[in-house]
Amino acid sequence: MLRSRRAERLTAAALMAPFAVVYGVLFVYPTLKMVELAFTNAPLIGPGAWVGFDNFRRLTVDRLFSTAFWNTLYFVALTVAPSTLLGLVVALGVNRLKGWLQSVVLAAFFLPYILPVSCVFHMWNWMFDKDFGVLQYVLAPLNGGQHVSVFRTTPYFLPAVAFITTWWLLGFNVLLFIAGLRNISREIYEAAELDGASRWTQFWRITWPLIWPVTVLVFTIQLILQFKIFDQVYLFANFIVRYDPSMVMVEYIFKKAFQQNMGGLAAAASVVLFALIMIISVLQYQLLRARGRR
Amino acid sequence: MIRKLLCAAAAASALLIGVAQAKETIVWWDFLSGGDGVRMKTLLEQFNKEHADSVQIDATTLEWGVPFYSKVQTATAVGDGPDIMTYHESRMPLGVSTGVLSPLSPDELTASGIKGSDFSPANWKAAQGPDGKQYAVPLDIHSIILYYNKDLLKKAGLLGEDGKPKGLDGAANWDAALAKLTANGVTGLALPNDGASGWRIFYTLFNQQGGQFLKDGKFLDGDNLAKATTTLAEMQKWVKNGWAPSNTEYPASIALFTSGKAAMHINGVWEVPTMVDLAKKGQLFDWGAVQIPVLYSQPATWADSHSFAIPDRKGNPVSPAKRKLVLDTIHWFNEHSLAWAGGGHLPAYLPVQESPEFKALKPNSDYVSLAKTAVFDPVSVLAGVASPVYDAAGNYVIPALNGEIAPAEAATKMRDDLQALTK
């Protein structure tokens, strides 16, 4: 008995080892190194001297870092909840369709998700274009007939990018919700109908509580994803000119590390982002799960 | 059966290695895309054809700006990377400070026929590090120029007998000319509203006042702040008075000029091929290009230079024999830089720049005068292509141009932002 358990352990260890090694070498080790780097004045490549918390102190007084920090939070607020709720709404609609029509509509919603970010950028950049964009037919009347340079107008920049991001990633949320909805047994709805429950009651009493775990999952995935926003903001800002007012945290890290050769400071900003994502996602996951259990 | 296959494979690879050894390969990285890329490809093909039995250049084009320079930095740190690469002279300070560039000794330069006296002094010096060592060899000087529509200028009485603009020098004359040209749905000027273009125009006018952007580690120190404010106020006037449209994207600014909706256009020499090609197809009016007019006390034009450098690959340096080959190649490209001048650039190599062939090349020879008073970017790791200085221009010069921020405020904030980065 004892021998066989030891053999089992050995087998388990042998099976675990490849993953553990890859995870350790490619994830844990670099993460620890990054934390170490955050306390040095290292350039992008090569060692640096230990400077204690100096990098973190510099972050607190850097106007650009605080812009990046608040912009990131703003972007998260603009995207996470809306794209989660919109995903649920679309999934509820698609779920009511039958047969090939459902597949076609689902594919239509999923299509943007498979596009690379560069295509998404080019498409929307043209549609929003100040001189030739098709969206100017909608925007200009709202602006007293004047064409609007959306990405050059600082207050419009992040909301516009958030809108595009939601459009782009919605398909994935819809897919998760559809899977969740299909898991809810038809019989529960039938029983509810026999008891005379309206569609509205059915939604709030059956669908909403049973889809809750999926909602929490989608919300968390979106939260982590949007905290790491970089590509879209970088691309759209690169074609306009005012980087600073639209700066987000990953862009700040990129800039400090690769443009200005400040590895230590960039690592410190990464540590802040890492801690922020960890704290907020754990908090919200616990909070939402507790609510769901009720 | 398997053994037979293996033998065949081994024989084939031995054969391939044999061929490869007979012919040297130079690994080449550049950031030249668009019209520059096409022109460089033609030159590379010519080189490979002329050296068909001895050298083969294996060229890769990478993304311009920060991506290129970070890739070079990360590659050389692990002993990887090319044998030769293009480098902006304005970005040399960062390259030297991060140890990416390998110094070129006077002896090896001489051995390949490269002489400092074959380049203009400012151009040659811009390729040196703070230690006085040579780190690159310039290929060209590129700058901004004034493109103009001869028909529209003639109508406004601003065209001389020689087909060049007249009466544009001095800020008051320049403004009056813009006002005169702005009529009947045509604006006087079209400007690309991106950070880099903003910097080039700003730096040109700033230096025409004898300004010093960076002096003893201080940005816009003393009366330089006032000069920067004057420059921004002048630029703001152009948009405010409707002489130049606001928020013009880079391609749109070119389109405004080529469609005759703007009488003049300030942009880099690299857009010359755009005009030449359109004119060849008969789709462009009679046009010309000259040095930027002198608005203030002295002539000056922003300039940068594409140059060639050898990376300092850590632990895997380019071998001496390969270095000789690379420097020979650099010399070959300079000797053939007349073809490169077709891209609007001015050849850095004086024997070509002063050759009758180049003097016959229009419109390049109309603006070659700018090389004598060209001002290169401040020597700092914070300046140069795709640097914080360029970003600062995007953050402050362009908004000032479009009247979103007062000139004095823009100048002060630009100074403070850049100064904060020096700490």
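Residues numbered from 1 in each chain as written. Chains lettered and ligands numbered in written order. Predicted model: local features only at pLDDT ≥ 70, side-chain atom pairs only at ≥ 80, totals over all residues.

Once that is clear, we can look at unusual backbone geometry. Trans peptide bonds make up the majority, and among non-glycine residues the majority have a negative phi. Residues and elements named next belong to chain B. At the junction of Lys362 and Pro363, the peptide bond is cis and its omega measures out at 0° in the coordinates. With respect to the helices, strands and loops of the structure, Pro363 is situated in the loop between helix H16 (356–359) and helix H17 (364–367). Phi at Asp216 takes a positive value of approximately 50°, unusual for a residue other than glycine. Here Asp216 is to be found in the loop between strand E7 (214–215) and strand E8 (218–219). (Helix = DSSP H or I, 4+ residues; strand = E, 2+ residues; numbered from the N terminus.)

With that settled, the discussion passes to the pairing of strand E12 (residues 306–309) of chain B. Residue and element names in this part refer to chain B. The alternating pattern of E12 places His306 and Phe308 on one face and Ser307 and Ala309 on the opposite face, and all of these are buried. Note: strand E3 (residues 84–88) against E12, 4 bridges, orientation antiparallel. What sits directly across from Met85, in E12, is Ala309. Two elements, strand E4 (residues 137–138) and E12, share 2 bridges in a ladder whose sense is antiparallel. Among the inter-strand pairings, Pro138 is bridged to a residue of E12, identified as Ser307. (Buried ≥ 20, exposed ≤ 12 C-beta atoms within 10 Å, placed from the backbone. Pairing = 2+ DSSP bridges.)

With that settled, consider the interface of chain B and chain A. Taken together, the 20 residues of chain B in the interface contact 15 residues of chain A. Counting only elements with at least two residues in the side of chain B that touches chain A, the list comes to helix H3 (66–77), helix H9 (195–207) and helix H18 (388–401) of chain B. Here the residues of the side of chain B that touches chain A are counted per class, giving 8 nonpolar, 10 polar and 2 charged. (Contact = placed C-beta atoms within 7 Å. Nonpolar A, V, L, I, M, F, W, Y, C, P; charged D, E, K, R; others polar.)

What follows deals with the domain arrangement of chain B. Residue and element names in this part refer to chain B. Along its sequence, chain B is organised into domain 1 (2–141 + 304–359) and domain 2 (143–303 + 370–421). For domain 1 and domain 2, the distance between their C-alpha centres works out to 32 Å. Contact residues are listed per partner, giving 22 residues for domain 1 and 18 residues for domain 2. Within the residue set of the side of domain 1 that touches domain 2, elements represented by two or more residues are helix H2 (34–50) and helix H4 (92–97). Per-element accounting of the side of domain 1 that touches domain 2 gives the leading share, 3 residues, to H4. (Domains from an automatic or database assignment.)

Soluble, globular proteins show a tendency: their nonpolar side chains are buried together. By size, the foremost hydrophobic cluster in this structure holds 116 residues, and its most contacted members are Ala136(B), Leu189(B), Ala393(B) and Val397(B). Here this core spans two domains, and each of domain 1 (2–141 + 304–359) and domain 2 (143–303 + 370–421) of chain B adds at least three residues to it. Every residue in contact with Val397(B), bar those within four places of it in the chain, is listed here: Gly198(B), Trp199(B), Phe202(B), Leu232(B) and Ala410(B). Within the second largest apolar cluster, 60 residues are counted, among which are Leu37(A), Leu64(A), Leu176(A) and Leu265(A). (Core = buried A, V, L, I, M, F, W, Y, C linked by C-beta atoms within 7 Å.)

Residue and element names in this part refer to chain B. It is at 7 Å that the axes of H9 and H18 come closest, and there the two elements cross at 80°. As the angle between them shows, H9 and H18 are arranged roughly perpendicular. Between H9, through Gly195, Ala196, Gly198, Trp199 and Phe202, and H18, the contact on the second element is made entirely by Val389, Tyr390, Asp391, Ala393, Gly394, Val397, Ile398 and Leu401. Its residues assigned to classes, the contact of H9 with H18 shows 9 nonpolar, 3 polar and 1 charged. (Axes fitted to C-alpha atoms, helices over the stretch in contact; angles between N-to-C directions. Parallel < 35°, antiparallel > 145°, perpendicular 65-115°, else oblique.)

Attention shifts here to the sheet that holds strand E1 (residues 24–30) of chain B. Residue and element names in this part refer to chain B. An order of E2-E1-E3-E12-E4 is seen for the 5 strands of this open sheet, with the pairing classed as mixed. The strands lining the two open edges of the sheet, one partner per strand, are strand E2 (55–61) and E4. As paired strands, E1 and E2 are joined by 7 bridges and run parallel to one another. Opposite Glu24, over in E2, you have Val55 as the bridge partner.

Attention now moves to the packing of helix H3 (residues 63–96) of chain A against helix H9 (residues 199–227) of chain A. All names here are of chain A. Relative to each other, H3 and H9 sit at 150°, their axes nearing to 9 Å. Comparing their axes, H9 and H3 come out roughly antiparallel. The crossing of H3 and H9 is right-handed. Of the residues in H9, those in contact with Thr72, Phe75, Val76, Thr79, Val80, Ser83, Thr84, Gly87 and Leu88 of H3 are Thr215, Val218, Phe219, Gln222, Leu223, Gln226 and Phe227. The class makeup of the residues in the contact of H3 with H9 is 8 nonpolar, 8 polar and no charged. (Left-handed = near helix turned anticlockwise from the far one by under 90°.)

Here we take up the environment of Leu109(B). Residues and elements named next belong to chain B. Its place among the elements puts Leu109 in helix H5 (residues 106–111). Considered as a pair, Leu109 and Gly268 are 159 residues apart in the sequence and their alpha carbons are 30 Å apart. Those residues in contact with Leu109 that lie beyond four places of it in its chain are Leu104, Ile114, Gln134 and Leu327.

For the rest of this paragraph, the subject is the confidence of the model for chain B. All names here are of chain B. Across chain B, the average pLDDT comes to 92, with 95% of residues at 70 or higher. The weakest mean pLDDT in chain B belongs to helix H1 (residues 2–22) at 53; the strongest belongs to helix H10 (residues 224–240) at 97. In the model output, the complex is listed with pTM 0.85 alongside ipTM 0.78. (pLDDT = per-residue confidence, 0-100.)

Right, let's talk about the environment of Pro103(B) for a bit. All names here are of chain B. Structurally, Pro103 is set in the loop between H4 and H5. For Pro103, a count of 17 C-beta atoms within 10 Å puts it in the partly exposed group. With 31 residues separating them along the chain, Pro103 and Gln134 place their C-alpha atoms 5.7 Å apart. Excluding anything up to four places from it in sequence, Pro103 contacts Lys133, Gln134 and Tyr135.

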